[in-house]
Amino acid sequence: MLDLRFVRDNLAKVEEALNHRGLELALEEFKEQEAERRRLLSELEKRRHERNRLSAEVGRMKKAKAPAADLELLMARVREINQEIKGQEDQVRETDFRVREFLLNLPNLPHESVPLGASSDDNVVVRRWGEPPRFGFEPRPHWEIGEDLGILDFERAAKITGARFALLRGAGALMERALINFMLDLHTRQHGYTEVLPPFMTNAAAMTGTGQLPKFREDLFKLENWDYYLVPTAEVPVTNIHREEILAEKDLPLYYTAYTPCFRSEAGSYGKDVRGLIRQHQFDKVELVKFTTPETSWKELEKLVADAEAVLQELGLPYQVVVLCTGDLGFAAAKTYDLEVWLPGQNLYREISSCSNFTDYQARRANIRFKRAGTSGIELVHTLNGSGLAVGRTMVAILENYQQADGSVIIPEKLRSYMGGLKRLK
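Residues numbered from 1 in each chain as written. Predicted model: local features only at pLDDT ≥ 70, side-chain atom pairs only at ≥ 80, totals over all residues. Heavy atoms only, no water.

Caption draft 1: Spotlight on the overall build of the protein. A tally of regular secondary structure across the protein gives 13 helices and 17 strands. Compactness check: the protein gives a C-alpha radius of gyration of 27 Å against a globular reference of 22 Å for 426 residues, more than 25% above the reference. Principal axes of the C-alpha set define a box for the protein whose edges measure 105 × 45 × 45 Å. For the protein, the proportion of its 426 residues judged to be buried stands at 50%. Sequence separation of 24 or more characterises 72% of the internal contacts of the protein that already satisfy a separation of 6 or more. As displayed, the protein has an accessible area near 20,700 Å², and 49% of this comes from carbon and sulfur atoms. (Helix = DSSP H or I, 4+ residues; strand = E, 2+ residues; numbered from the N terminus. Rg over C-alpha atoms; globule rule 2.2 N^0.38 Å. Buried < 20%, exposed > 50% of the residue type's maximum accessible area, 1.4 Å probe, protein only. Contact = heavy atoms within 4.5 Å. Areas by Shrake-Rupley, 256 points an atom, 1.4 Å probe, with all protein chains shown as cover.)

The structure is reproduced here in structure tokens:
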């Protein structure tokens, strides 16, 4: 959430930044609501001051044994002011709610280094790693490879649940589990992250803290008759570990990694990626989350990207790093790098990780702060997160990049020890 005072004092700057995001949003309504809120607060403060003054006068009159009629008249006025205060407090709460709801629906402001652009067509490729494999045959997409190998079963998954679900069998289920363990081991043993296993459901406060609510309610799966949502990403429960807490500066940065299944309605995506594992209602992901001081968060973003890249490099999967333009930036992010892995069966690069710096946007919503060493100063932390990686999409990349002419698939060397020494799917 953006800072109320910053928005109020920098309306033109905020409007311009939101316009760069493709939002034609005039802030005049906010300006009027905020002015009304401040007017009501001023009147409320005057009423409270008057009540306190008269209450003190009542005390003096009682002590001086003033005439009962005069005392009752003054006490009646105090009661009248109390009713006026109650009405004004209700008005203030209502305007506070409207202003907060408005701010909750405003996205973060893009960092100055984010390229201007209207859509994903304007994203900028920063670098590429690895050479796409060359085949002496026409490479096939992963859904054909997986079904022929008997490790992907979409038909039976649809029977069990519905469209956009997958059933992994045999070596397919083993590879999914192996990838999760491989990623967690890499991030905890080499990159310094602490592994956590959070709940796979969160409450509305947690969803609001990271920006999923209220803006993206339709994208979430909510449990009927419960204030619980299935997690769309481990970012939500892991970031909320420190909600409403004050951390010590000496403990920052904090690095967490977590595996969770992720659940998304994919609202508005019907007709896109209907084949295979790319856009599922349920998928596995290993997430990376950081809590940092404001002055270190941009350096930590670059390290976060490098940690996610390491997974692809260890598995020998070609990829490119893309910085998202203003028009393609996620709601809560100030800057985002996407890692896009090469998929020869589809002849394109496909997102496999998004790494973002949210600055203090999530921290303000979730009230996550830290105390400066040697001072009494309390500040908001900066939060960052990235996929390290999306597990299903990593399997997709392995099946397509390591496919062989005979229909088999070579297992990347770094993954073999996690699969009982298996070297090839056939």
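Caption draft 2: Focus on the side chain of K335. Looking at where K335 falls in the secondary structure, it is placed in strand 11 (residues 335-343). With no salt bridge to any partner, buried K335 finds its closest opposite charge in E302, at an N-O distance of 4.7 Å. Side-chain polar atoms of K335 contact the side chain of S113, separated by 2.9 Å. Within the local environment of K335, its side chain forms a polar contact with the side chain of Y337, the two groups lying 3.3 Å apart. Residues in contact with K335, not counting those within four places in the same chain, are H111, S113, V114, W298, L301, V323, L329, C355, S356 and N357. (Lys, Arg positive; Asp, Glu negative; His and termini not counted. Salt bridge = Lys/Arg side-chain N within 4 Å of Asp/Glu carboxyl O. Polar contact = N/O pair within 3.5 Å; in protein donor to acceptor, adjacent residues only side chain to side chain.)

Caption draft 3: Molecular detail of the sheet that holds strand 7 (residues 246-248). If you walk across this open sheet you meet the 3 strands as 7-13-14, and the pairing is mixed. Looking along the sheet, the strands with just one partner apiece sit at the ends: strand 7 and strand 14 (378-380). Strand-to-strand twist across the sheet, computed as the mean angle between neighbouring axes with direction ignored, equals 40°. Sheet topology places strand 13 (residues 369-371) next to strand 14; 3 bridges connect them, and they run antiparallel. Of the residues in strand 14, the one forming a bridge with F370 is E379. (Pairing = 2+ DSSP bridges. Axes fitted to C-alpha atoms, helices over the stretch in contact; angles between N-to-C directions.)

Caption draft 4: Layout of helix 2 (residues 11-20). Listing the buried residues of helix 2 in full gives L11, V14, A17 and L18. Projection of helix 2 onto a plane perpendicular to its axis shows the buried side chains occupying an angular sector of 130°, all on one side. Elements in contact with the buried residues of helix 2: helix 1 (4-9) and helix 3 (28-63). (Arc of directions from axis to C-beta.)

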